[in-house]
Amino acid sequence: MNELPQQLVNGLLLGSMYGLVAIGYTMVYGIVQLINFAHGEIFMTGAFGALTVWLWLPGGTTMWIALPLMIIGAVLVAVAIAVGAERFAYRPLRNAPRLAPLITAIGLSLALQQAVWAWYPEAKSARTFPQISGGPFDIGSVTIQTGDIFLVVAAPISMAVLAYFVMKTRTGRGMQATAQDPDTAKLMGVNTDRIIVIAFALGAAFAAVGAVAYGLKYGEINFRMGFILGLKAFTAAVLGGIGNIYGAMIGGVVLGVAETLATAYIADIPGMDKFGSQSWADVWAFVLLILVLLFRPQGLLGERVADRA
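Residues numbered from 1 in each chain as written. Predicted model: local features only at pLDDT ≥ 70, side-chain atom pairs only at ≥ 80, totals over all residues. Heavy atoms only, no water.

Q: Please explain the overall build of the protein as it appears in this structure.
A: For the protein, the helix and strand inventory stands at 11 helices and four strands. C-alpha atoms of the protein, sized along the principal axes, occupy 60 × 55 × 35 Å. Summarising the internal contacts of the protein: among those between residues at least 6 apart in sequence, 77% fall at separations of at least 24. Of the roughly 14,800 Å² of accessible surface on the protein, 66% is carried by carbon and sulfur atoms. For the protein, the distance from the average position of its 18 positive side-chain charges to the average position of its 16 negative side-chain charges is 11 Å. (Helix = DSSP H or I, 4+ residues; strand = E, 2+ residues; numbered from the N terminus. Contact = heavy atoms within 4.5 Å. Areas by Shrake-Rupley, 256 points an atom, 1.4 Å probe, with all protein chains shown as cover. Lys, Arg positive; Asp, Glu negative; His and termini not counted. Charge placed at Lys NZ, Arg CZ, Asp CG, Glu CD.)

Q: When you look at the packing of helix α2 (residues 39-56) against helix α3 (residues 63-90) in this model, what are you seeing that I'm missing?
A: Describing two packed helices takes the angle between their axes plus the distance from one axis to the other. Contact geometry of α2 with α3 gives a least axis separation of 7 Å together with a crossing angle of 140 degrees. Here α3 runs oblique to α2, going by the angle between their axes. In the packing of α2 onto α3, the handedness of the crossing is right-handed. Every residue of α3 that contacts α2 at I42, T45, G46, G49, A50, V53 and W54 is listed here: M63, A66, L69, M70, G73, A74, V77, A78, I81 and A82. (Axes fitted to C-alpha atoms, helices over the stretch in contact; angles between N-to-C directions. Parallel < 35°, antiparallel > 145°, perpendicular 65-115°, else oblique. Left-handed = near helix turned anticlockwise from the far one by under 90°.)

Q: What's the story with the packing of aromatic side chains in this structure? I'm lost.
A: In this description, an aromatic ring pair is defined by two values, namely the gap between the centres and the angle between the planes. Taken as a whole and assessed by the stated rule, the structure comprises six aromatic pairs. Geometrically, the ring pair formed by Y214 and Y218 is tilted, given 4.7 Å between the ring centres and 55 degrees between the ring planes. Of the two residues, Y214 and Y218 both sit in helix α8 (residues 192-218), four residues apart, roughly one turn of that helix. Members of the aromatic cluster, joined through ring pairs, are Y25, F37 and F234. The ring of F88 has R87 sitting right over it, with the charged end atom 5.6 Å from the ring centre. A cation sits over an aromatic face here: K217 above Y218, 5.7 Å from the ring centre. (Phe/Tyr/Trp six-rings, centres within 6.5 Å; stacked < 30°, edge-to-face > 60°. Lys NZ or Arg CZ within 6 Å of the ring centre and 35° of its normal.)

Q: Is there a simple way to explain the packing of α2 against helix α4 (residues 99-119) in this structure?
A: Look at α2 against α4: their axes get within 9 Å of each other, and the N-to-C directions meet at 20 degrees. As far as their axial angle goes, α4 and α2 are roughly parallel. Classified by chirality, the crossing of α4 by α2 is left-handed. Contacts between α2 and α4 involve E41, I42, M44, T45 and F48 on the former and, on the latter, S109, L112, Q113 and V116. Here the contact of α2 with α4 is composed, by residue class, of five nonpolar, three polar and one charged. (Nonpolar A, V, L, I, M, F, W, Y, C, P; charged D, E, K, R; others polar.)

Q: Hey, could you run me through helix α9 (residues 225-240) in this one?
A: An α-helix turns once per 3.6 residues; consequently, residues spaced three or four apart project the same way. Here α9 spans 23 Å end to end across 16 residues, near enough to the 22 Å set by a 1.5 Å rise per residue. The buried fraction of α9 amounts to 13 of the 16 residues, a majority that puts the element mostly inside the structure. Of the residues trailing α9, G241 is marked for its positive phi of about 115 degrees. (Expected span 1.5 Å × (residues − 1). Buried < 20%, exposed > 50% of the residue type's maximum accessible area, 1.4 Å probe, protein only.)

Q: Help me out: how do you make sense of the nonpolar core in this one?
A: I23, F43, Y90, F150, L216 and I221 are the most contacted members of the largest nonpolar core, which totals 84 residues. For this core, the element with the highest residue contribution is α8, accounting for 15 residues. (Core = buried A, V, L, I, M, F, W, Y, C linked by side-chain atoms within 4.5 Å.)

Q: For this particular structure, what's the right way to read unusual backbone geometry?
A: Backbone phi values are negative for most residues with the exception of glycine, while trans is the configuration of most peptide bonds. Backbone geometry places Q33, a non-glycine residue, at a positive phi of 55 degrees. Checked against the element boundaries, Q33 lands in the loop between α1 (4-32) and α2.

Q: I would appreciate a short explanation of a nonpolar patch on the surface in the present structure.
A: On the surface, F137, I149, V152, V153, I157 and V161 cluster together into a nonpolar patch covering about 490 Å² of accessible area. For the nonpolar patch, the element with the most residues is helix α5 (residues 146-168), which contributes five residues. Its location among the elements puts V161 in helix α5. What makes V161 exposed here is its relative accessible area of 51%. (Patch = residues over 30% accessible without salt bridge, like charges linked within 9 Å, V, L, I, M, F, W, Y side chains within 5 Å. Salt bridge = Lys/Arg side-chain N within 4 Å of Asp/Glu carboxyl O.)

Q: Just to check I follow, could you spell out the environment of L255 for this structure?
A: The topology assignment puts L255 in helix α10 (residues 245-265). You can call L255 buried: its relative accessible area is 0%. Along the primary structure L255 and K168 are separated by 87 residues, whereas in three dimensions their C-alpha atoms are 29 Å apart. Setting aside chain neighbours within four positions, we find L255 in contact with Y18, K232, T235, A236, L239, A285 and L288.

Q: Explanation requested: the pattern of salt bridges in the structure shown.
A: When charged atoms on two side chains of opposite charge get close, those side chains can pair. In this structure the tally under the stated criterion is five salt bridges. The partner of D193 in a salt bridge is R94, with the nearest N and O atoms 2.5 Å apart. Here D193, found in helix α8, pairs with R94, found in the loop between α3 and α4; they are 99 residues apart in sequence, far enough to count as distant. Of the charged contacts in the structure, one is a salt bridge between K217 and D148, with a shortest N-O distance of 3.2 Å. Of this pair, K217 sits in helix α8 while D148 sits in helix α5, and the two are 69 residues apart along the sequence. Beyond isolated ion pairs, a larger network of salt bridges with shared partners links E86, R91, R94 and D193.

Here it is in structure tokens:
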């Protein structure tokens, strides 16, 4: 029990990263009812975009100067790929049966993995990600690693900016109208194609921020990193209520805390020692998803997707 505060903080940090990526899933689904399974790879390309900026910077550049540039690089790469995917892969299939864009998303996911591997052949194992010097920092009985500081700052700021954008701006209200009824939104003068592109771009931008946080937290990235984390982010979106932006972040936090506590404490239960290892963390994440789908299939906060039948 003495470790509980530390484990809760670890779970909150991990869940915040899941939530940043889950926002992309839930925004796109809320507007076009598409599960973009390539979103995990967009997250991955953001990480390599940040790494590319770092490698291009002159030697001796400090992380405090490099980090803002790396974030910009990550966002630009992720947004460019997401917008390109929407324009050339998903838009032509918008009125097709739902299976077609789903298969396209899976194919795009594999293509992005192989493209990054071709650009960074050494990424087949892992590429070292630059780190912020200093730390760790002790706050009472809780220790925060240096790599987590970025996440502590970035996650709440990102959610505050998103909340303001969706609730207070004209484009944000257009997104809400399109999510509720795209046909009526068109009649009211909303450019739904533009709104959909913005949804893809915003989701990719938050995924890029999450990718930088991942690199700083774990110290390395690889071209397969988006697969499992993308699945967990999708799980977080479903937990919170698919289509619900705030639910995506809450679902991420719940998933992160549950995964961390399960990994830390299940091994202490007699006869359960082999189920508490880190390799079982992914399993417990999906066990939580199954339980939520059994007892509350609409998610913790409920779906925010209009019935368009």
